Amino acid sequence: RGALEQAQSDWPALLARLERMRSALLSADGAVVNLSADEQSLATTAAHVPRLLGRLPSAAAPSNGGWAWSAGGVLVPSHEGLQVPTQVSYVAKALPIFQPGERICGSTSVVSRYLRTAYLWNTVRVQGGAYGCNLAFSRLDGRATFSSYRDPNLA
């Protein structure tokens with residue numbers, strides 16, 4: 001917001017801001033590369049990662065937004081909440097279902113989908129009057145996140 005006006009009135013300040021953003025987003029330091037493929041493709045692709053990281057600029061790692069690596073190599077969030085004055089309420093709650101690194105079977109996806117599309121939809125949206133609801137499950141950290149949107153029954 002206001003970038004056009006700043007570009008016209010104070011280009012050096014806007015350029016410096018954009019360069020700081022680029023440095024924070026594109027840096028070899030603290031980079032996380034996530035590859036998913038079959039074994040042969042993964043081996044071929046993984047061989048190119050060091051070259052890719054070598055072409056990225058090296059800078060001080062930017063703030064990780066409250067996330068930290070656990071001993072098992074899993075990215076774990078810190079606990080924080082934000083309150084903003086808006087006309088629309090969006091509320092979420094997350095809780096651990098599995099321990100980080102624990103094997104999660106495929107039936108978890110089936111149960112999550114059923115809860116999201118049947119039980120939560122009927123209970124939170126249809127009966128409760130919320131505009132929408134969701135259940136998201138992260139296989140990375142084992143957390144389930146429940147959310148409602150424009151819910152008149154905030155707890």
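Scroll up for the structure.
Owing to the predicted nature of the structure, the values given are computational and were not obtained by experimental measurement.

Student: Any chance you could break down the sheet that holds strand β4 (residues 132-137) for me, citing the residues and the numbers?
Tutor: The strand order across the open sheet built from three strands is β3-β5-β4, with neighbouring strands paired in antiparallel fashion. Both edges of this open sheet fall to β3 (90-96) and β4, since each of them pairs with a single strand only. Strand-to-strand twist of the sheet, defined as the mean angle between neighbouring strand axes without regard to direction, takes the value 10°. Here seven bridges tie β3 to strand β5 (residues 143-149), and the two strands are oriented antiparallel to one another. Bridging from a neighbouring strand, tyrosine 90 pairs with tyrosine 149 of β5.

Student: Talk me through the packing of aromatic side chains; I want residue IDs and the actual numbers.
Tutor: Counted by the stated rule, this structure contains two aromatic pairs. Ring centres 5.8 Å apart and planes at 80° place the aromatic pair phenylalanine 98 and phenylalanine 137 in the edge-to-face group. Of this pair, phenylalanine 98 sits in the loop between β3 and α5 (107-127) while phenylalanine 137 sits in strand β4, and the two are 39 residues apart along the sequence. Classification of phenylalanine 137 as partly exposed rests on a relative accessible area of 21%. In this structure, arginine 125 is placed above the aromatic ring of tyrosine 131, and the distance from its NZ or CZ to the ring centre is 5.8 Å. Here arginine 150 stacks its cationic end above the ring of tyrosine 131, 5.4 Å away from the centre of that ring.

Student: A description of the pattern of salt bridges should follow, citing residues and the corresponding values.
Tutor: Note that side chains of opposite charge can pair when their charged atoms are close. Here the structure, examined in full by the defined rule, presents one salt bridge. In this structure, the salt-bridge partner of arginine 143 is aspartate 141, at a minimum N-O distance of 3.7 Å.

Criteria and thresholds
Residues numbered from 1 in each chain as written. Predicted model: local features only at pLDDT ≥ 70, side-chain atom pairs only at ≥ 80, totals over all residues. Heavy atoms only, no water. Pairing = 2+ DSSP bridges. Helix = DSSP H or I, 4+ residues; strand = E, 2+ residues; numbered from the N terminus. Axes fitted to C-alpha atoms, helices over the stretch in contact; angles between N-to-C directions. Phe/Tyr/Trp six-rings, centres within 6.5 Å; stacked < 30°, edge-to-face > 60°. Buried < 20%, exposed > 50% of the residue type's maximum accessible area, 1.4 Å probe, protein only. Lys NZ or Arg CZ within 6 Å of the ring centre and 35° of its normal. Salt bridge = Lys/Arg side-chain N within 4 Å of Asp/Glu carboxyl O.

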